[in-house]
Amino acid sequence: VDSPYQTPVITVIEGQKQLIVGSGDGGIYGFQPRTGQKLWAHQVSKRGINASPLVDGSRVYVCTGEVNFANSFNGTVRCIDVAGGAPKELWRQDGMEAGFSSPTIADGVLYVLDMKGKVHALDAMTGKPQWKRAYSAGTIGKASLVFADGKLYVCEANGRVSILKIE
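Predicted model only: the values in this text are computed from it and were never measured.

Analysis parameters
Chains are numbered independently. Their residues run from 1 in the order of the written sequence. Local features in this predicted model are restricted to residues whose pLDDT is 70 or higher, and side-chain atom pairs enter the listing and the counts only when it is 80 or higher, whereas totals over whole chains, interfaces and linings include all residues. To get the side-chain values, take all heavy atoms of the structure and skip hydrogens and water. Helix numbers and strand numbers start at the N terminus; a helix is a DSSP run of H or I with at least 4 residues, a strand a run of E with at least 2. Each radius of gyration is computed over the set of C-alpha atoms, and the globule rule expresses the reference value as 2.2 Å times the number of residues to the power 0.38. Buried residues are those whose accessible area, probed at 1.4 Å on protein chains only, stays under 20% of the maximum for their type, while exposed residues exceed 50% and partly exposed ones sit between those limits. Should DSSP find at least two bridges between two strands, the strands are taken to pair. Convention adopted: a line fitted to C-alpha atoms gives each axis, helices being fitted over their contacting stretch, and angles between N-to-C directions are expressed from 0 to 180 degrees. Residue types Ala, Val, Leu, Ile, Met, Phe, Trp, Tyr and Cys, when buried and joined through side-chain atoms within 4.5 Å, form a set referred to as a nonpolar core. It only takes one pair of heavy atoms within 4.5 Å for two residues to be counted as in contact. Stacked, tilted and edge-to-face are the three classes applied to pairs of Phe, Tyr and Trp rings, where Trp contributes its six-membered ring and a pair requires centres within 6.5 Å; stacked means planes under 30 degrees apart, edge-to-face means over 60, and tilted covers the rest. Placement of a positive charge over a ring is assigned whenever Lys NZ or Arg CZ falls within 6 Å of the ring centre and within 35 degrees of the normal to the ring plane.

A. Focus on the overall build of the protein chain. On a plain count of helices and strands, the protein chain comes out with zero helices and 15 strands. A globule of 167 residues ought to have a C-alpha radius of gyration of about 15 Å, and the protein chain, at 15 Å, matches this closely. Along the first, second and third principal axes, the C-alpha set of the protein chain runs to 45 × 35 × 25 Å. Sorting the 167 residues of the protein chain into buried and exposed places 44% on the buried side.

B. Examining the sheet that holds strand E2 (residues 16-22) more closely. Sheet architecture is open: four strands sit in the order E1-E2-E3-E4, paired in antiparallel fashion. Two strands lie at the open edges of the sheet, namely strand E1 (9-13) and strand E4 (38-43), each paired on one side alone. The mean inter-strand angle of the sheet, taken between neighbouring strand axes irrespective of direction, is 25°. Two strands pair when backbone bridges link them, and E1 and E2 are joined in this way by five bridges, in the antiparallel orientation. For Val12, the partnering residue across the bridge sits in E2 and is Lys17.

C. Up close: the nonpolar core. Counting 13 residues, the largest nonpolar core has Tyr61, Cys63, Val77, Trp91, Leu110, Val112 and Leu122 as the members making the most contacts within it. When residues of this core are traced back to their parent elements, those giving at least two are strand E6 (59-67), strand E7 (74-81) and strand E10 (109-113). Dropping the residues within four chain positions of it, Cys63 is found in contact with Ile49, Ala51, Thr76, Val77, Ala98, Pro103 and Val112.

D. Up close: unusual backbone geometry. At Glu14, a position not held by glycine, the phi torsion is positive, near 50°. Note that Glu14 resides in the loop between E1 and E2. Located in the positive-phi region is Asp107, a residue other than glycine, with phi close to 50°. With respect to the element layout, Asp107 can be found in the loop between strand E9 (104-106) and E10.

E. Examining the sheet that holds strand E8 (residues 88-94) more closely. Strand order in the open sheet made by the four strands is E5-E6-E7-E8, with antiparallel pairing throughout. The open sheet terminates on both sides in strands that have one partner only, identified here as strand E5 (54-56) and E8. Here the average twist between neighbouring strands, direction ignored, is 20°. Here E7 pairs with E8 via six bridges, running antiparallel.

F. Up close: the packing of aromatic side chains. Considering all chains together, one arrives at four aromatic pairs under this definition. Ring plane angle 50° and centroid distance 6.1 Å describe the contact between Tyr111 and Trp131, whose orientation is recorded as tilted. One end of the pair, Tyr111, is in strand E10; the other, Trp131, is in strand E12 (residues 129-134), with 20 residues separating them in the sequence. Among the residues examined, Trp131 registers a relative accessible area of 24% and is labelled partly exposed. Arg133 extends its terminal NZ or CZ atom over the ring of Trp131, reaching a point 4.1 Å from the ring centre.

Written out as structure tokens, the structure is:
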């Protein structure tokens, strides 16, 4: 359906190297990098996934700003456990339009930037929102978040960079 903008991720899950990619059909997939064999698949959206997936152990975090596969909400953030090659959705936050920015994780918190310039902090294990904040003059959230030295670096489409101290 679409040509996604995201970058695939190479990782090791349960001792097996995997290439994890969101595709133009709105699915997230795990493949063996050497053979191309599909290991698992999970449908997320009716359109392409542009944010790169984030992997933590056997959990894959997926963000999109498009229409969800299972309902009429635009946008979702999901946590999918792919252990054993059988994807199981652990939690989801529908209606959060996080279409381009790849999330980041630190100290058990998943940080997501939506397309309206708001940063969301979610408990990585449960998906429970911890806080949401607009960043300095932020209007268009497309760049991926970076966490370093206790700070979240947030870039916006107009070239401004904000640094949020996380306490």
